Amino acid sequence: MENARNTAAPGPRLAGDLAIWFFILAELLAFGVFFAAYAFTRAKNLELFNAEQQALNRGAGVLNTMLLLTASYFVVRAVQAAERAASAQSARWLLAAICCGLGFISVKLTEYSAAFAHGVSLSSSPFHMFYLSLTFFHFMHVILGLVILLALWNGARKGRYHPGEMNGIETGAAYWHMVDLVWLILFPLVYVIN
Amino acid sequence: MSVEVHGTPRRATILWLLLIAATLLTWGLGAADVAGHLTILVLAVLSFWKGSVIILDFMALRHAPLLWRALTLGWMILVWAVIALAYWKGISR
């Protein structure tokens, strides 16, 4: 098996299970529709959206962007370590990524509690409806991503991933990167562009 | 050797630092409140570049069959095109 892989002619290879990529495409479509709905509703309510966007904690948004990017980087390092058959290192990188993900959750919860304290709710304005539903939809994906990273961490500690068996860690990593990718559009769209 | 689709740690580290720098630049542009078409364009280009790093390097689609690169990068182009259209519609009302 290992031999077959090593002597195979170099050619295109999709990292991770084919099924996760279909799932990722479905997720990207759902977020895409959400982004379009936000953008066109904003176009009809420019003054309201611009004013209420100013009240968002942009610093928290930047911090969360950096936490997700760093978590993604740590996941890449974990995959690279698994590719070198360095399981213990791979597990450590995954644990670091999990810590960043937990950081994201904490910042987001702090942001939500401050918003709720100021009377922000799903029905308080069209902007708030989008802000809460879009970011919460993404938040749920971060939580699922963390569950997947925990499973990968457990697998890496048991030495499950190595050059002959990369499918599990590559599949989980692809999901996590998708969560990051979506945030990279959500953040400028909801927090910055006005 | 098998096809190494995940690149080197050195390349990943450089890309990560550039991604963080681009995020700080986005923040700076937002904080300066320099609303304008050029600012929005820079924000969109930065976000697009960041997304393409995630897709091509972190998701390792650079080494995947062309179809997967086309689907994911195409999604990003489509999303930004729709956002640009809505933005244009908003300012030309």
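Novice: When you look at the overall build of chain B in this model, what are you seeing that I'm missing?
Specialist: Along the backbone of chain B there are 3 helices and 0 strands. Here chain B has a C-alpha radius of gyration of 16 Å; the compact-globule value for 93 residues is 12 Å, and the former is much larger. Along the three orthogonal principal directions, the C-alpha set of chain B runs to about 60 × 30 × 10 Å. Restricting to contacts in chain B with at least 6 residues of sequence separation, those with at least 24 account for 63%. When the accessible surface of chain B is totalled, it reaches about 4800 Å², and 76% of it is carbon and sulfur.

Novice: So what exactly am I meant to see when it comes to the overall build of chain A here?
Specialist: Of regular secondary structure, chain A possesses 7 helices and 0 strands. Seen in sequence order, chain A has helices and strands lined up from the N terminus as α-α-α-α-α-α-α. For chain A, the C-alpha atoms occupy an extent of roughly 65 × 30 × 20 Å along the three principal directions. Looking at chain A residue by residue over its 194 residues, the buried ones come to 56%. The contacts of chain A with a sequence gap of at least 6 include a subset with a gap of at least 24, amounting to 82%. Working note: accessible area of chain A is about 7700 Å², and carbon and sulfur atoms make up 69% of it. For chain A, the distance from the average position of its 12 positive side-chain charges to the average position of its 10 negative side-chain charges is 6 Å.

Novice: What am I meant to see in the packing of helix α2 (residues 37–58) of chain B against helix α3 (residues 66–91) of chain B here?
Specialist: What describes two packed helices is the angle between their axes and the distance between those same axes. All names here are of chain B. The N-to-C vectors of α2 and α3 enclose an angle of 165°; their axes lie 11 Å apart at closest approach. Relative to α3, the element α2 is oriented roughly antiparallel. The interaxial crossing formed by α2 with α3 has right-handed handedness. From α2, His37, Ile40, Ala44, Ser47, Phe48, Gly51, Ser52, Ile55 and Leu56 reach across to α3, where they touch Arg69, Thr72, Leu73, Met76, Ile77, Trp80, Tyr87 and Ile91. Of the residues contributing to the contact of α2 with α3, the split by class is 11 nonpolar, 5 polar and 1 charged.

Novice: Is there a simple way to explain the side chain of Glu52 of chain A in this structure?
Specialist: Residues and elements named next belong to chain A. Tracing the chain through its elements places Glu52 in helix α3 (residues 46–54). At 11 Å, Arg42 is the nearest oppositely charged side chain to Glu52, a buried residue that forms no salt bridge. Side chain to side chain, Glu52 and Ser125 meet in a polar contact 2.5 Å long.

Novice: Looking at this structure, how should I read the interface of chain A and chain B?
Specialist: Interface size is commonly expressed as the accessible area that is lost once the parts come together. Contact with chain A, which involves 56 residues of that partner, is made by 52 residues of chain B. Summing both partners gives a buried area of about 4700 Å² for chain A against chain B, and 75% of it is carried by carbon and sulfur. Where chain A touches chain B, the interface holds 0 salt bridges. Here chain A is connected to chain B by 11 residue pairs in polar contact (both at pLDDT 80 or more). Counting residues per element, the ones that place at least two in the side of chain A that touches chain B are α1 (2–7), α2 (18–44), α3, α4 (58–83) and α7 (167–192) of chain A. Tallied by class, the residues present in the side of chain A that touches chain B amount to 34 nonpolar, 11 polar and 11 charged.

Novice: Even after reading the chapter, I still don't get the pattern of salt bridges, so can you show me in this structure?
Specialist: When charged atoms on two side chains of opposite charge get close, those side chains can pair. Residue and element names in this part refer to chain B. Per the counting criterion, the structure on display carries 4 salt bridges over all chains. In this structure, Asp57 engages Arg11 in a salt bridge whose closest nitrogen and oxygen atoms are separated by 2.8 Å. With Asp57 in helix α2 and Arg11 in helix α1 (residues 9–31), this pair connects stretches of sequence that are 46 residues apart. Take Asp57: its relative accessible area is 12%, and that puts it in the buried class. Owing to a relative accessible area of 40%, Arg11 belongs among the partly exposed residues under this scheme. Among the ionic pairs, Arg62 bridges to Asp57, the shortest N-O distance being 2.9 Å. Salt bridges linked by common partners bring Arg11, Asp57 and Arg62 together as one network.

Novice: Looking at this model, I keep getting lost on the confidence of the model for chain A. Mind explaining?
Specialist: Low-pLDDT stretches of the model should not have their predicted coordinates read in fine detail. Scored by pLDDT, chain A comes out at a mean of 92, with 95% of its residues at no less than 70. Of the regions scoring below 50 in pLDDT, residues 1–8 of chain A engages in 8 contacts with residues more than four places distant in sequence or in other chains.

About the criteria used
Residues numbered from 1 in each chain as written. Chains lettered and ligands numbered in written order. Predicted model: local features only at pLDDT ≥ 70, side-chain atom pairs only at ≥ 80, totals over all residues. Heavy atoms only, no water. Helix = DSSP H or I, 4+ residues; strand = E, 2+ residues; numbered from the N terminus. Rg over C-alpha atoms; globule rule 2.2 N^0.38 Å. Contact = heavy atoms within 4.5 Å. Areas by Shrake-Rupley, 256 points an atom, 1.4 Å probe, with all protein chains shown as cover. Buried < 20%, exposed > 50% of the residue type's maximum accessible area, 1.4 Å probe, protein only. Lys, Arg positive; Asp, Glu negative; His and termini not counted. Charge placed at Lys NZ, Arg CZ, Asp CG, Glu CD. Axes fitted to C-alpha atoms, helices over the stretch in contact; angles between N-to-C directions. Parallel < 35°, antiparallel > 145°, perpendicular 65-115°, else oblique. Left-handed = near helix turned anticlockwise from the far one by under 90°. Nonpolar A, V, L, I, M, F, W, Y, C, P; charged D, E, K, R; others polar. Salt bridge = Lys/Arg side-chain N within 4 Å of Asp/Glu carboxyl O. Polar contact = N/O pair within 3.5 Å; in protein donor to acceptor, adjacent residues only side chain to side chain. Buried area = accessible area lost by both parts, 1.4 Å probe. pLDDT = per-residue confidence, 0-100.

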